[in-house]
Amino acid sequence: SSYQLSSVPLQILFYINGIYYIFYFLATLAMIVYKSEVFSYPDDFLAPDLALLFIMAILEVLRLYLGSKGNLTEEEAPLGLSLVITVGSVILSVYFLVWQTYVLKADVILNALLLFTYGLESVLKVVAIAAFVS
Amino acid sequence: AKLCVCDLLVAQCDVNCCCDPDCSAADFSLFTTCSVPVVTGDNRLCSQKAAIYSLDVEANPPERIFKLVDQVNPSVFCIHATNYKEALSFSSPRMPTSENFDQLLKEFESATFSAEPDSWNMNTDAQSPSDAKETYRYKYGVPIQTVDAFLRLPSPVVSSWCSDANPAGFLVNQATKCTRSVSVEKCGNIQAVSMLFYINSSILAKLHEFVFQVNITVQSVVVQSLNGMWTLLDSSDVLRLPMILDELCINIVLGVSYHITYTDAGEIIEAAASFVVGAINKEALSIQQSFEISFTQVNTKPVPLSGNPGYVVGLPVRAGFRPQGYPFPVEILFNTNKHGQLTILQSTSNQDCLSAQGARTPVLFGYNMVSGCKLRITAAMKCQPLTQTLLDLLKGQTFPEYVASFGNSQAQDVLDWVPITHFQTSEQRIYNAFQSSCQIPISLEIEVKWTKYGSLVNPQARIVNVTATITTTTLKQLPSGRERTIPITSSVVFTDISSPAEPGYKAWPTINVKLPFDFFFPFV
């Protein structure tokens, strides 16, 4: 199918990522609330965690929109930008995996899944950019 | 070792505590069981090491078995890691050093470590206007202010010389005596012996307010002559200043008595001073001055209280009469003179009853007193007049009928007054009816029974019963020319008849179970 350069797997992955991220966001928020009730969670530690979660949500929306648009319009610029934003999202996800105030087992599972998704997406994006460029 | 909860004693082995590091194998052999079998950290962690202790009682001697296992928390919400080091343990408080002291003080100085200390400030601001009003009233003990300084009541300090720096306190009744050095040459120069010194500055009616001032008026002036005779001057308007007359310095102030009238709002509305002035001659080097101040509330008659409400030891027992002619007791009349109430005979130096007529001393609450005199009986004395004289001597001219049960009993509360019961006993045990002899009273014993009334913490003395017992003896007829001396005594005894305090316990709580009134509905 040489007339269609858009990557279908990438698009499917974007769709799944979107749904999964909504679940991830709500779950992480709920767990932060749970931790603040059950454990000793001073304001100095709670504020950065919440702020980073919301920044991550904004970045995710931007990333998925740009990636999806780039893939569908077969342009490499938005797709490249999406790849750059993915780097930021990965760093944030690693923060929630390792450097959060309280890392529960559920956090580990969620973030590991998210990182796996990011990794797969990045590979597919690179392939798609290569296809568009050439 | 920190996690071992049964390790309570420092550097000593706790009994049956298998995780105590201070215990040796010999100690373990004496244990019967392990009180703490498992020692772990926080069990919310996903995986941790747990120490399991058990006692092997089969072995001889018994020994402790220690196993280290991995404990896993299966929950999905177990803590995998924390990046907050005080997460799962109590943080030890920070040690104040010179660097963080100010910051710690700011953080922890208020009562609840709240972030809004301003709420406390707002309350104090609201209070200060009303506080400002309060300072304008005189309160008990506050020095009475005059235009220049304070109302002075010279008093002796350390030695008996007068010091003019003693202020008169509001509502503090004081009486002082002190010595002042004078000489005829410096007659007009010594300020403190001139009347002007004491009435010069006006008293401020309210504290710190110079608008309302009360002038001190001269109520009366008594002139004391050199031999001690007092003469009351008719006109007290004229101010008598010290001056030299016939080598004497006259109009020297020997005593001042202030009477201050105040309202119940703490304001002074009137001030009067009564003076005693005298004269000194060339030999006099010092004089003794006496000062007094008393306070009266406006529109009240001053009745000196002997306690409020219980009697105070040392204050006179208040007594009075019921007015004649009234069918129901309306009021008790009593003498407002402090010392003119219940009195007993006062012993004099010459101990002769008949020459010491009229000397009486007031009965003070709590002070047992005995007094007496000697009576010389001659053959010429007749029975009846002698009896009457002795009764007058023992009881005084006006022996009261009622005694106040509380120190502040009012005249109109008749039930607060205790009647004095009179008894008469005879000294002779065997009374010979055939002897038509004369019985003369020789002793009066007043027994005042009082009790502690009120709360255990602040008991008030209350007079319950007063009895006056007259003891009589037979006056044997003397052969003419002979005389006899008999002692006459009178005494006052105060007896405490308070019942011992009983502890009061609260009633046991009872279970109050009642069925509802319509429990047996269809049948009732």
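Description of the structure in this document. As the structure is a prediction and not an experimental result, all values here were calculated from the model. (Residues numbered from 1 in each chain as written. Chains lettered and ligands numbered in written order. Predicted model: local features only at pLDDT ≥ 70, side-chain atom pairs only at ≥ 80, totals over all residues. Heavy atoms only, no water.)

### What to know about the overall build of chain B
Just so we agree on the cut-off: Strands here are runs of E lasting at least two residues and helices are runs of H or I lasting at least four, both read from the DSSP assignment and numbered beginning at the N terminus. Burial here depends on accessible area, computed with a 1.4 Å probe over protein chains only, as a share of the maximum for the residue type. Under 20% is buried, over 50% is exposed, and the range in between is partly exposed. Contacts are assigned to residue pairs that have any heavy atoms within 4.5 Å of one another. Accessible surface is estimated by sampling points in the Shrake-Rupley manner with a 1.4 Å probe; for residues, cover comes only from the protein chains shown.
Scanning chain B from terminus to terminus reveals 5 helices and 24 strands. Scored against the burial criterion, the 524 residues of chain B give a buried share of 35%. Taking the contacts inside chain B whose residues are at least 6 apart along the sequence as the reference set, 62% of them involve residues at least 24 apart. Surface accessibility of chain B: about 33200 Å² in total, with carbon and sulfur atoms responsible for 56%.

### Thoughts on the side chain of Gln48(B)
All names here are of chain B. Note that glutamine 48 resides in strand β2 (residues 47-56). Overall, the relative accessible area of 9% leaves glutamine 48 in the buried class. Setting aside residues no more than four positions away along its own chain, glutamine 48 makes contact with Thr40, Gly41, Asp42, Asn43, Val69, Asp70 and Gln71.

### Re the pairing of strand β24 (residues 483-496) of chain B
Residue and element names in this part refer to chain B. Quick note on the threshold: One requirement defines pairing of two strands: DSSP has to find at least two bridges between them.
Sheet analysis places strand β19 (residues 369-378) next to β24, joined by 10 bridges and oriented antiparallel. The partner of isoleucine 377 across the bridge, within β24, is arginine 484. Relative to β24, strand β22 (residues 438-454) is paired through 8 bridges, and the arrangement is parallel. Its bridge partner being in β24, lysine 449 is matched across the sheet by threonine 495.

### Digging into empty space enclosed by the protein
Residues and elements named next belong to chain B. The line we're drawing: Only protein atoms enter the 1 Å grid, on which a cavity is a set of points fitting a 1.4 Å probe that cannot get out and a pocket is an open set with protein on both sides within 12 Å along at least 5 of 7 lines, lining residues being those with an atom within 4 Å of a point. Grid points are joined across faces, edges and corners, and a volume is the space filled by probe spheres set on the points. Residues are grouped as follows: Ala, Val, Leu, Ile, Met, Phe, Trp, Tyr, Cys and Pro are nonpolar; Asp, Glu, Lys and Arg are charged; all remaining types, including Gly, are polar.
Per the stated rule, a full pass over the model turns up 2 cavities of 30 Å³ or more. One number sums up the size of the largest cavity: a volume of about 60 Å³. For the largest cavity, the full set of lining residues is Thr146, Phe150, Leu151, Arg152, Phe197, Tyr198, Ser201, Ile216 and Tyr258. Of the volumes computed, that of the second largest cavity is approximately 40 Å³. Along the lines of polarity and charge, the residues of the lining of the second largest cavity split into 5 nonpolar, 2 polar and 1 charged.

### Describing the sheet that holds strand β1 (residues 38-39) of chain B
Residues and elements named next belong to chain B. Read across the open sheet, the 3 strands follow the order β1-β2-β3; overall the sheet is antiparallel. Every interior strand has two partners, whereas the edge strands, β1 and β3 (63-72), have only one. Relative to β2, β1 runs antiparallel, the two being bridged by 2 bridges. Directly across from valine 38, in β2, lies its bridge partner isoleucine 52.

### What to know about the side chain of Ser7(A)
All names here are of chain A. Where we set the bar: Pairs of N or O atoms within 3.5 Å make up the polar contacts considered here, provided that, within protein, one atom can donate a hydrogen while the other can accept it, and that residues adjacent in sequence are counted only when both atoms are side-chain atoms.
Within the secondary structure, serine 7 sits in the segment before α1 (8-38). Polar contacts involving the side chain of serine 7 include one to the main-chain amide nitrogen of leucine 10, which spans 3.2 Å. Setting aside its immediate chain neighbours within four residues, serine 7 contacts Asn71 and Ala128.

### Some thoughts on a nonpolar patch on the surface
Operational definition: By definition, no residue in a patch forms a salt bridge, and every one has over 30% relative accessible area; like charges are joined within 9 Å, nonpolar side chains (Val, Leu, Ile, Met, Phe, Trp, Tyr) within 5 Å. Every case where a carboxyl oxygen of Asp or Glu lies within 4 Å of a side-chain nitrogen of Lys or Arg is listed as a salt bridge.
A cluster of nonpolar side chains, contributed by Tyr34(A), Val38(A), Ile109(A), Leu113(A), Val76(B) and Phe77(B), occupies part of the molecular surface with about 470 Å² of accessible area. Elements represented by at least two residues in the nonpolar patch include exactly α1 and α4 (105-133) of chain A. Relative to the assigned elements, Tyr34(A) resides in helix α1. Of the residues examined, Tyr34(A) reaches a relative accessible area of 34% and is grouped as partly exposed.

### Things to note about the sheet that holds strand β20 (residues 402-404) of chain B
Residue and element names in this part refer to chain B. Heads up, the rule is: Axes here mean lines fitted to C-alpha atoms, for a helix over just the part in contact, with angles spanning 0 to 180 degrees between N-to-C directions.
Strand order in the open sheet formed by 7 strands is β16-β20-β21-β23-β22-β24-β19, with mixed pairing between adjacent strands. A single partner strand is all that each edge strand has here, and the edge strands are β16 (319-320) and β19. The pairing of β16 with β20 spans 2 bridges and is antiparallel. Opposite alanine 319, over in β20, you have valine 403 as the bridge partner. In the packing of helix α5 (residues 383-395) onto the sheet, contacts are made with β19, β21 (417-426), β22, β23 (459-475) and β24, and the angle to β22 comes to roughly 25°.

### Regarding the packing of aromatic side chains
Residue and element names in this part refer to chain B. Quick note on the threshold: The criterion for an aromatic pair is that two Phe, Tyr or Trp rings (for Trp, the six-membered ring) have centres within 6.5 Å, with stacked assigned to planes under 30 degrees apart, edge-to-face to planes over 60 apart and tilted to the rest.
In this structure the tally under the stated criterion is 23 aromatic pairs over all chains. Summarising the aromatic geometry, the rings of tyrosine 138 and phenylalanine 170 are spaced 5.2 Å apart at their centres and angled 25° between planes, so their arrangement reads as stacked. Linking tyrosine 138 in the loop between α3 (118-134) and β5 (155-156) with phenylalanine 170 in the loop between β6 (162-163) and β7 (174-181), this pair joins segments that are 32 residues apart in sequence. Like tyrosine 138, the residue phenylalanine 170 is buried in the burial classification. On the numbers, 5.5 Å between centres and 65° between planes, the contact of phenylalanine 406 with tyrosine 453 is edge-to-face. Of the two residues, phenylalanine 406 is situated in the loop between β20 and β21 and tyrosine 453 in strand β22; the sequence distance between them amounts to 47 residues. On the basis of relative accessibility, which here comes to 11%, the residue phenylalanine 406 falls in the buried class.

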